[in-house]
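# Coordinate inspection notes
Listed below are the residues making up each chain.
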Amino acid sequence: MQTLWQDIRYGVRMLVKSPTVTLVGIVALTLGIGANTALFSVVNAVLIRSLPYAEGERLAMVWENRKTTGNAQNVINLGNFYDWKDQNHVFTDMAAFFDRNFILTGDGEPEEVPSQIATPNLFSVLGVTALHGRTFLPDDGKDDGPNVIVISYNLWQRRFGGAPVIGRDVMMSGQKNTIVGILPPNLGWYVQKGSMINAAPEIWAPWQIADALKQRRGRFARAVARLKPGVTIEQAQSEMNVIGARLEQQYPDFDKNWGVNVVPLRTQFTGNVRRPLLILLGAVGFVLLIACANVANLLLARASSRKKEIAVRAGLGASRWRIARQLLTESVLLSMIGGAFGLLLAWWGTRALVALSPPALMDLRDVSISLPVLGFTFALTLLTGIVFGLVPAVEAARFDLNDSLKDGRNLGGGARSNRLRNGFVVAQVALALVLLVGAGLFVKSFGRLQSVDPGFNAKNLLTFKVSLPGRKYDTDQKQLDFFNRALEQLRAIPGVESAGAINTLPFNGPHSGTSMHVEGRPELPSSQGPSVGICVTDLNYFQTMQIPLLRGRLFTPEEAREVRHVVVVNEEFVRRNFPGEDPLGKRVTIYMKDPNVPTQIIGVVGNTKHLGLDLENEELAYWPQPELVYSSMTIVIRTKADPTSITSAARNVIQSIDPEQPLGEVITMEGLLSRSVARSRFSAVLLGVFSLVALLLAAVGIYGVMSYSVQQRTHEIGLRMALGAQRGDVLRLVVKQGVAVALIGVSLGLAASFGLTRTIVSLLFEVQATDPKTFALTATGLFVITLLACYIPARRATKVDPLVALRYE
């Protein structure tokens, strides 16, 4: 222990004695360790940390799988759900739920709150107990019982200031409800797939499912289940496949070509981000490796300059292992300093990552530098110190004592040390190129994604949802009158060009879908016939969104006020159902309401992207609002200038009609588009930043090696110049050495990139993983930068004074 303390004290003195080497090493390690720690904190929160439910690894989502379309996570039919519950032997229990928005009034401004209606056993299935009060009892939600709700910790703090609320009555969508429980913080219960809300639910109401909903009609709910102890996901999937096949035979008209899909809850939460996060973690690992190679080169160079000191220590009796241990202690000490600064960088970097992260990364507000993250940082720091210090320490211990005491220039064999330094540079260049190629592919993919035409003009569009409470607006006519009156007044706001409404706005949630029948063709069972997405719009929606009319006409004012059985379809609908035919005047029955009656196609509009820019066009049918009245509509307003400037005026219009009616999320259409590509932007930005850091570290590494090489060869260069060599000859001599190293690094980097980029092919949009332009540009760019890093030391070599150089020792 005493000798270790001596090594540490001596190491500190040596680090202070070489401030440049120490500073460069600390900066490189701070970047490498800090980036790894910051990203690991997010990976730990999303992929590793236990789910906030009792035995969360036993939880799974259960979906219907539509085999004909490949939609493996389709919302479910409640009749099928109850058969699953009754017939399975792999789950302890299953719960069903669906989303909606409730309007909370009283105790402040009216507020639209994302909520869920769930079977009373939801929280027992999840393994969640209330922080205060209770969750649902089996009889909650019955017609003859009180109306009770459970609220989130966040809503309790935000809306009620943390005051006692258990047993308190609140008005929710015009109905009195009693708060019976408050859930723990950071519950994380938000299943985005199939969600009709844009944020985690904050209110839960019990759902006693009526017998009428258990019929084989429609799919709209979702299900979560808890596996029995010892049952694997594979076993559960196998049994549910058997049950699904049985239901297919029992209900062929409804369940033909439908199966069951069991998805682990963690996979459900992280499925879209797992691979991007692991790729980014690998990228910062490359950055750390480059930093290690950089510091190892610095230590190799410093070890050469300490030849006399090491030789004297050996002459006084120090063993090779003792010398290697001393140098290794110094490298670990340097790594610990870099790790400490890296932890500070990670604290800031974690906040930046959370700010940049897309909504698909779950709720990352509680991501922090936790004990597991601190443990990771300490282990990484220790390992890093050993990795980059091991080779210089071993190399320093390889020396001939007599030669070392006589000569200070060639510790451990100059040629061997030079090969090692060049090898580290080759590794840096190769790793940097892999990162640059990956970043280039992501950036190009992101650019292609952003250039996709969504089918409408997103500029100067303000959007917000208005959800009318059913108890107050209890008839279709009341709901129609509200929206017609609101839209008329919104159009009168100064600066507004037009205003329209739709039930499900593109990029703001999934639209409804159902089966249909084309009049005059053989009628097939609903499970086997064609399907279509359904949207409901007002008179001016298409004009406001600037969706082009391709054939026929749009709705008339009369059709927008009363049922006339007309429908507008998109181009994809025509392509799939009427290839080579004129669809105008054709009649289709869309099984979306009761009774189902044929509607006539009066117009064809252009395709619009609805769920994502990277998805195929969907066939859509647009009904005028009277045809299928929705109490919740999203209003879109096109303005002449900045759309956010009319937000207050729009809110005043809605509340002048109904003072208790809040607006839902207010966001521009460009904001929705930006949010839809957030995951791609997140990956492109982070990988771009990491690759630039890697490029900087690699350039510094090349510059350092070339500078040291010039310093070593000062005597030789002076001799060459004294014998008549020109500055150009010296310049070529030095640059040639750097070019050789760079070419080897670039070649190895290209070979590695061809293999590694195939792992990201599923994350790219309209870009090949081996895109030749990206490979050529990044390789050329990196080679040019390495040339510049070589040129500066080479230029300095040409200015060597031969007289001084010949005296150089």
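Residues numbered from 1 in each chain as written. Predicted model: local features only at pLDDT ≥ 70, side-chain atom pairs only at ≥ 80, totals over all residues. Heavy atoms only, no water.

## A word on the overall build of the chain
The following threshold applies: Numbered from the N terminus, helices here are DSSP runs of H or I no shorter than four residues, and strands are runs of E no shorter than two. Per-residue accessibility, obtained with a 1.4 Å probe over protein chains only, is compared with the maximum for each type, and a residue is labelled buried under 20%, exposed over 50%, and partly exposed between these values. Should any heavy atoms of two residues lie within 4.5 Å, those residues are counted as being in contact. Using a 1.4 Å probe, accessible areas were evaluated by the Shrake-Rupley method; residue-level cover was limited to the displayed protein chains.
Looking only at helices and strands, the chain features 24 helices and 22 strands. Taken over 809 residues, the chain has a buried fraction of 53%. Looking at the chain alone, contacts between residues at least 24 apart form 82% of all its contacts between residues at least 6 apart. As displayed, the chain has an accessible area near 35200 Å², and 58% of this comes from carbon and sulfur atoms.

## What to know about the nonpolar core
To be explicit about the condition: Put simply, a nonpolar core is a bunch of buried Ala, Val, Leu, Ile, Met, Phe, Trp, Tyr and Cys residues held in one set by side-chain atoms that sit within 4.5 Å of each other.
With 101 residues, the main nonpolar core has Tyr541, Phe542, Met545, Tyr622, Met669 and Phe690 as its most contacted residues. Excluding its chain neighbours within four sequence positions, the residues that come into contact with Phe542 are Thr537, Ile547, Leu554, Phe555, Val568, Val605 and Tyr622. In this structure, Ile76, Ile149, Ala223 and Ala225 belong to the second largest nonpolar core, which totals 39 residues.

## A look at the confidence of the model for the chain
Going by this rule: Known as pLDDT, the predictor's per-residue confidence is scaled from 0 to 100.
A residue-level look at the chain finds 86% of positions with pLDDT of 70 or above and a mean pLDDT of 85. Taken together, the stretch residues 408-413 has pLDDT below 50 and engages in 17 contacts with residues farther than four places along the chain or on a different chain.

## Concerning helix H15 (residues 476-491)
Because an α-helix completes one turn every 3.6 residues, residues spaced three or four positions apart along the sequence face the same direction. Here is the rule: Multiplying one less than the number of residues by 1.5 Å gives the expected span of a helix. Our arc is simply the arc of the directions from the helix axis toward the C-beta atoms.
Taking 1.5 Å per residue, 16 residues should reach 22 Å; H15 reaches 23 Å between its end C-alpha atoms and fits that length. Here H15 has its buried residues at Gln479, Leu480, Phe482, Phe483, Ala486, Leu487 and Leu490. Projected onto a plane normal to the axis of H15, the buried residues spread over an arc of 160° and lie on a single side. The elements touched by buried residues of H15 are strand S12 (461-467), strand S13 (496-502), strand S21 (632-639) and helix H18 (647-657).

## Some details on the pattern of salt bridges
Put simply, the rule is: By definition, a salt bridge exists where a carboxyl oxygen of Asp or Glu is found within 4 Å of a side-chain nitrogen of Lys or Arg.
Using the criterion set out here, one finds 30 salt bridges in the structure. Between Glu55 and Arg58 there is a salt bridge whose closest N-O contact spans 3.0 Å. Residue Arg58 is classed as buried on the basis of its relative accessible area of 17%. Among the ionic pairs, Arg266 bridges to Glu57, the shortest N-O distance being 3.2 Å. Remark: Glu57 occurs in the loop between helix H2 (19-48) and strand S1 (59-66) and Arg266 occurs in helix H8 (residues 265-270); sequence separation between them is 209 residues. Taken together, the shared-partner salt bridges in this structure form one network comprising Glu111, Arg158, Arg159 and Glu202.

## Section: the packing of aromatic side chains
Under the convention used in this document: Put simply, two rings from Phe, Tyr or Trp (the six-membered ring, in Trp's case) pair if the centres are within 6.5 Å, and we call them stacked under 30 degrees between planes, edge-to-face over 60, tilted for the rest. Distance and angle both matter: a charge sits over a ring if NZ of Lys or CZ of Arg is within 6 Å of the ring centre and within 35 degrees of the ring normal.
Tallied over the entire structure, the rule returns 19 aromatic pairs. Ring geometry for Phe81 and Tyr82: centres 5.2 Å apart, planes at 85°, overall edge-to-face. A residue is classified by how much of its surface remains accessible, and Tyr82, at 23% relative accessible area, is partly exposed. Ring geometry for Phe573 against Phe578: centres 6.2 Å apart, planes inclined by 40°, an arrangement best described as tilted. When sorted by exposure, Phe573 lands in the same class as Phe578, which is buried. Joined through ring pairs, the aromatic side chains of Tyr53, Phe97, Trp189 and Phe269 make up one cluster. Above the face of the Tyr82 ring, Lys214 is positioned so that its terminal group lies 4.3 Å from the ring centre. It is Arg216 that lies over the ring of Tyr251; its NZ or CZ is 3.9 Å from the centre.

## A look at the pairing of strand S3 (residues 91-105)
In plain terms, the rule: When DSSP finds at least two bridges between two strands, those strands are taken to pair.
Extensive coverage of S3 is indicated by the burial of eleven of its 15 residues. Of the strand pairs in this sheet, S3 and strand S10 (residues 222-227) are connected by six bridges, and their pairing is antiparallel. The residue of S10 that forms the bridge with Ala96 is Ala223. Judged from the eight bridges that link them, S3 and strand S4 (residues 111-118) form a sheet pairing that is antiparallel. Each residue of the ladder has a partner; that of Phe102, found in S4, is Val113. Between S3 and S4, which follow one another and run antiparallel, lie five residues, and Gly106 among them has a positive phi close to 85°.

## Quick notes on unusual backbone geometry
Residues apart from glycine generally show negative phi values, whereas peptide bonds are mostly found in trans. The backbone phi angle of Asn460 is positive, close to 60°, even though this residue is not glycine. Here Asn460 shows up in the loop between helix H14 (414-450) and S12. Residue classification places Asn460 among the partly exposed positions, given a relative accessible area of 28%. Phi at His565 is positive, roughly 60°, even though this residue is not glycine. Examined against the element boundaries, His565 turns out to sit in the loop between strand S16 (549-552) and strand S17 (566-570).

## Here we look at the environment of Thr589
One can find Thr589 in strand S18 (residues 587-590). The exposure class assigned to Thr589 is buried, which follows from its relative accessible area of 11%. Contact partners of Thr589, with chain neighbours within four places excluded, come to Ser515, Met516, His517, Asn596, Val597 and Pro598.

## Let's talk about the packing of H15 against H18
Convention followed: Angles shown run from 0 to 180 degrees and are taken between the N-to-C directions of axes, each axis being a line fitted to C-alpha atoms and, for helices, limited to the stretch in contact. Here a crossing is called left-handed whenever its near helix is offset anticlockwise from the far helix by less than a right angle, and right-handed whenever the offset is clockwise. Only Asp, Glu, Lys and Arg are considered charged in this grouping, and only Ala, Val, Leu, Ile, Met, Phe, Trp, Tyr, Cys and Pro are considered nonpolar; every other residue, Gly among them, is considered polar.
The interhelical angle for the contact between H15 and H18, taken along N-to-C directions, is 145°, at an axis separation of 10 Å. Where H15 crosses over H18, the handedness of that crossing is right-handed. Between H15, through Phe482, Arg485, Ala486, Gln489 and Leu490, and H18, the contact on the second element is made entirely by Ala650, Val653, Ile654, Ser656 and Ile657. In the contact of H15 with H18, the residues fall into seven nonpolar, two polar and one charged.

## Topic: helix H19 (residues 669-676)
For H19, the set of buried residues is Met669, Leu672 and Leu673. For H19, the buried positions fall inside an angular range of 100° around the axis, keeping them on one side. In the core, the buried residues of H19 are packed alongside S12, helix H16 (541-545) and strand S22 (666-668).

## Side note on the packing of helix H3 (residues 78-87) against helix H6 (residues 233-250)
Note the threshold: Comment on the angle field: the value is read as roughly parallel under 35 degrees, roughly antiparallel over 145, roughly perpendicular from 65 to 115, and oblique elsewhere.
For the pair H3 and H6, interaxial distance at closest approach is 11 Å and the crossing angle is 130°. Classified by the angle between their axes, H3 and H6 sit oblique to one another. Judged by the sense of rotation from one axis to the other, the crossing of H3 with H6 is right-handed. Contact with H3, carried on its side by Asn80, Asp83, Trp84 and Gln87, involves Glu239, Met240, Ile243, Arg246 and Leu247 of H6 and no other residues of that element. Among the residues making up the contact of H3 with H6, the classes are represented as four nonpolar, two polar and three charged.

## Details of a nonpolar patch on the surface
Selection criterion: Exposure above 30% relative accessible area and no salt bridge define the residues that can form patches, which grow by joining like charges within 9 Å and nonpolar side chains of Val, Leu, Ile, Met, Phe, Trp and Tyr within 5 Å.
Side chains of Phe378, Leu382, Ile386 and Leu390 sit close together on the surface and give an oily, nonpolar patch of about 340 Å² of accessible area. Within the element layout of this structure, Phe378 appears in helix H12 (residues 371-396).

## What to know about the side chain of Glu619
Heads up, the rule is: Polar contacts, as used here, are pairs of N or O atoms within 3.5 Å; protein pairs need one atom able to donate a hydrogen and one able to accept it. Residues neighboring in sequence count only if both atoms are side-chain atoms.
Relative to the helices and strands, Glu619 resides in the loop between strand S19 (598-605) and strand S20 (620-624). The buried category is assigned to Glu619, whose relative accessible area is 10%. Within polar-contact distance, the side chain of Glu619 engages the side chain of Asn577 at 2.8 Å.

## Overview of the environment of Asp253
Looking at the secondary structure, you find Asp253 in helix H7 (residues 252-255). Classification of Asp253 by relative accessible area gives exposed; the value is 51%. C-alpha of Asp253 to C-alpha of Ser527: the two residues are 274 residues apart in sequence and 5.9 Å apart in space. In this structure, Asp253 is in contact with Pro525, Ser526 and Ser527, ignoring residues within four places of it in sequence.

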